[in-house]
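In case you want the letters, here they are:
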Amino acid sequence: MPQTALEQHLLNCPIISVNVRVWHFWSFLVKHDAMRYISIIPVGAMTLLMFADLYRAWGNIEEVIINAYFAVLYFNAVLRCSILVLNHDKYEKFLMNIARIYKNLQQIEDHEIKSLLQRYTKRARMLSIANLGLGAFISTCFVVYPLFAGGRGLPYGMYIPGVNLFGTPQYEILFFLQVILTFPGCCMYIPFTSFFASCTLFGLVQVKNIQHQLRKLRIEGLKPSKLIEIIKDHQRVIDYVHDLNSLVTYICLVEFLSFGMMLCALLFLLNIIEHQAQFVIVAAYIFMIISQIYAFYWHGNELREQSMAIAKVAYGAAPWLEMKPALKKMVLLIILRAQRPLEVCETKKKKNR
């Protein structure tokens, strides 16, 4: 089947292509067919049975904490993909904007910009691939661990009223189904984290491009047309971060609250478990939570700091004694706006202008 223009633009944009290709395979974005339901519906049903098991096991703190981790993980995966599918037009429009800006930056004949774009594209792709690899490895640990724990156990706790889950053949069937559903569950969860990080990194590219253009003013001369272009680029980044916030803020809020509680519970569990194998697996769960939080907020903080650094660069680049009053006002506008940081995951409704 020939690809549409939308598919070609998004699948061939290097900074986002890894995550878009996963979403495209499962028909979450760009392609819209029944393929998406092969993952969302079974994984959603399994998540409901996992929460039912939490209710059944209430009172057994060790079992509840371990099973709650998986239930929260899969709930977030289903939530992410449901929002992605329901708002696919907004996500596709945002990703098309990234592809357009990326192409424009590629066409700038400036070695510094090309090097900057190449460096951050490489980082975004490596992060996306590493997240998928880490997710695949830890997911494999999830499904393999019960085989070495002794006795019959499922990778994820489930409760089906009136069904003996550990009898034959239902145990083997459920174990096989959970192993199979781990793969789409991983693909539903991981790419959104990488999408967030890649988009934040691309925001950094745009901010650093503005800083570079401001530094060149002292060398090339201060021209009104160039300043107007920089102001427009600055406003474009502001709009970009606002649009990113509208797509990810509340998902990140749910993620932060749920994983914050799970991190506290898992740290408590480390103090009461007795078997070394359990200690290793709980430590792996904690590592995964911390790595996801890192992927979300480290780059967000870097974007915040670099957006504020625009004011310092603008102040240092402008030849104040030689400038006309009109040009001084334009530079001051850049400085004043840059003193309000660009923050990812803020909950403000209006664009900061």
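Residues numbered from 1 in each chain as written. Predicted model: local features only at pLDDT ≥ 70, side-chain atom pairs only at ≥ 80, totals over all residues. Heavy atoms only, no water.

## So, the overall build of the protein
Heads up, the rule is: What counts as a helix is a DSSP run of H or I of at least four residues, what counts as a strand is a run of E of at least two, and both are numbered from the N terminus. Burial classification: accessible surface area is computed with a 1.4 Å probe over protein chains only, and a residue below 20% of its type maximum counts as buried, one above 50% as exposed, and the rest as partly exposed. The contact rule is simple, with two residues in contact once any of their heavy atoms fall within 4.5 Å. Where accessible areas are quoted, they stem from the Shrake-Rupley method and a 1.4 Å probe; at the residue level, only the protein chains shown are allowed to cover.
The secondary structure content of the protein amounts to 10 helices and zero strands. Starting at the N terminus and ending at the C terminus, the protein contains elements arranged as α-α-α-α-α-α-α-α-α-α. Reported as C-alpha extents along the three principal axes, the dimensions of the protein are approximately 85 × 50 × 35 Å. Here the protein holds 353 residues, and 52% of them are scored as buried. Contacts in the protein between residues at least 24 apart in sequence constitute 76% of all its contacts with a sequence separation of at least 6. Of the roughly 17,600 Å² of accessible surface on the protein, a fraction of 66% belongs to carbon and sulfur atoms.

## Digging into empty space enclosed by the protein
The test is simple: Detection works on a 1 Å grid of protein atoms alone, calling trapped sets that fit a 1.4 Å probe cavities and calling open sets with protein on both sides within 12 Å along at least five of seven lines pockets, with lining residues defined by an atom within 4 Å of a point. Grid points are joined across faces, edges and corners, and a volume is the space filled by probe spheres set on the points.
Applying the stated criterion across every chain yields a total of two cavities of 30 Å³ or more. A volume near 100 Å³ is recorded for the largest cavity. Leu73, Tyr74, Ala77, Gly135, Ser139, Phe142, Thr182, Gly185, Cys186, Tyr189, Ile190 and Met288 together form the lining of the largest cavity. When residues of the lining of the largest cavity are traced back to their parent elements, those giving at least two are helix H4 (61-86), helix H6 (111-148) and helix H7 (170-220).

## Observations concerning the layout of surface pockets
Going by this rule: Residue polarity follows a fixed list, in which Ala, Val, Leu, Ile, Met, Phe, Trp, Tyr, Cys and Pro are nonpolar, Asp, Glu, Lys and Arg are charged, and the others, Gly among them, are polar.
Counted as a void, the largest pocket has a volume near 710 Å³. Lining the largest pocket we find 33 residues, and of these Ile66, Asn67, Tyr145, Gly153 and Leu154 sit closest to its centre. Elements that contribute at least two residues to the lining of the largest pocket include exactly helix H3 (35-56), H4, H6 and helix H9 (276-317). For the lining of the largest pocket, the per-class residue count stands at 21 nonpolar, seven polar and five charged.

## Quick look at the environment of arginine 236
For arginine 236, the position within the fold is in helix H8 (residues 224-270). Linking arginine 236 and isoleucine 101, residues 135 residues apart in sequence, is a C-alpha distance of 9.7 Å.

## Quick notes on the UniProt feature "transmembrane region" (unreviewed entry) in the protein
Cut-off, in case you're wondering: UniProt positions are given in the numbering used here, feature names are shortened, and annotations may be inferred rather than shown by experiment.
Summarizing the sequence annotation, UniProt attributes the feature "transmembrane region" (unreviewed entry) to residues 37-58, 64-86, 129-148, 173-205, 247-273 and 279-298 in the numbering used throughout. For residues 64-86, helix accounts for 100% and strand for 0%, while the C-alpha atoms at its two ends are 32 Å apart. Helix makes up 100% of residues 173-205 and strand 0%, and the two end C-alpha atoms of the span are 49 Å apart.

## With respect to the state of the cysteines
Two cysteines joined by a covalent bond between their sulfur atoms form a disulfide. The criterion, for reference: In this description, a disulfide is simply a cysteine sulfur pair whose atoms lie within 2.5 Å.
Tallying each qualifying case throughout the model produces zero disulfides. Cysteine 186 carries a free sulfur, and the closest cysteine sulfur to it, the one in cysteine 187, is 5.6 Å from it. For cysteine 187, a relative accessible area of 10% puts it in the buried group.

## A look at a nonpolar patch on the surface
Under the convention used in this document: Patch membership needs two things, relative accessible area over 30% and no salt bridge, and members are linked within 9 Å if like-charged or within 5 Å if nonpolar (Val, Leu, Ile, Met, Phe, Trp, Tyr). When a carboxyl oxygen of Asp or Glu is within 4 Å of a side-chain nitrogen of Lys or Arg, the pair counts as a salt bridge.
A contiguous nonpolar surface patch, about 390 Å² in accessible area, is contributed by Ile173, Phe176, Leu177 and Ile180. Along the chain, phenylalanine 176 falls in helix H7. Accessibility expressed as a relative area gives 52% for phenylalanine 176, which makes it exposed.

## Quick look at the side chain of aspartate 233
Within the element layout of this structure, aspartate 233 appears in helix H8. Aspartate 233 sits in the buried class, given a relative accessible area of 15%. Excluding residues within four positions of it along the chain, aspartate 233 makes contact with Asn209 and Ile210.

## Let's talk about the packing of H4 against helix H5 (residues 88-106)
Test applied: Axes here mean lines fitted to C-alpha atoms, for a helix over just the part in contact, with angles spanning 0 to 180 degrees between N-to-C directions. Comment on the angle field: the value is read as roughly parallel under 35 degrees, roughly antiparallel over 145, roughly perpendicular from 65 to 115, and oblique elsewhere.
Between H4 and H5, the shortest axis-to-axis distance is 4 Å and the interhelical angle comes to 80°. Between H4 and H5, the crossing angle belongs to the class labelled roughly perpendicular. Where H4 abuts H5, its residues Ile83, Leu84, Val85 and Leu86 lie against His88, Asp89 and Tyr91. Taken together, the residues that form the contact of H4 with H5 break down as five nonpolar, one polar and one charged.

## So, the packing of H5 against H6
At a closest axis distance of 9 Å, the pairing of H5 and H6 adopts a crossing angle of 140°. What the angle tells us is that H5 and H6 run oblique. Contacts between H5 and H6 involve Tyr102, Leu105 and Gln106 from the former and Ile113, Lys114, Leu117 and Thr121 from the latter. Taken together, the residues of the contact of H5 with H6 sort by class into four nonpolar, two polar and one charged.

## Description of the confidence of the model for the protein
Interpretation of the predicted coordinates at a detailed level should be avoided for regions scoring low in pLDDT. In plain terms, the rule: The pLDDT value expresses, per residue, how confident the predictor is, ranging between 0 and 100.
A residue-level look at the protein finds 96% of positions with pLDDT of 70 or above and a mean pLDDT of 86. Within the protein, the element-level pLDDT minimum falls on helix H1 (residues 5-11), averaging 78, and the maximum on H5, averaging 93.

## With respect to H7
What counts, and what does not: Working rule for helices: expected span equals 1.5 Å times residues minus one. Bending is quantified residue by residue as the angle between axes fitted to the seven-residue window ending at that residue and the seven-residue window starting at it.
Along its 51 residues, H7 runs 74 Å from first to last C-alpha, staying within 8% of the 75 Å computed at 1.5 Å per residue. Of all the bends in H7, the largest measures some 30° and sits at threonine 182, one to four residues before the proline proline 184. Counting buried residues along H7, 39 of its 51 residues qualify, which places the element largely inside the surrounding structure.

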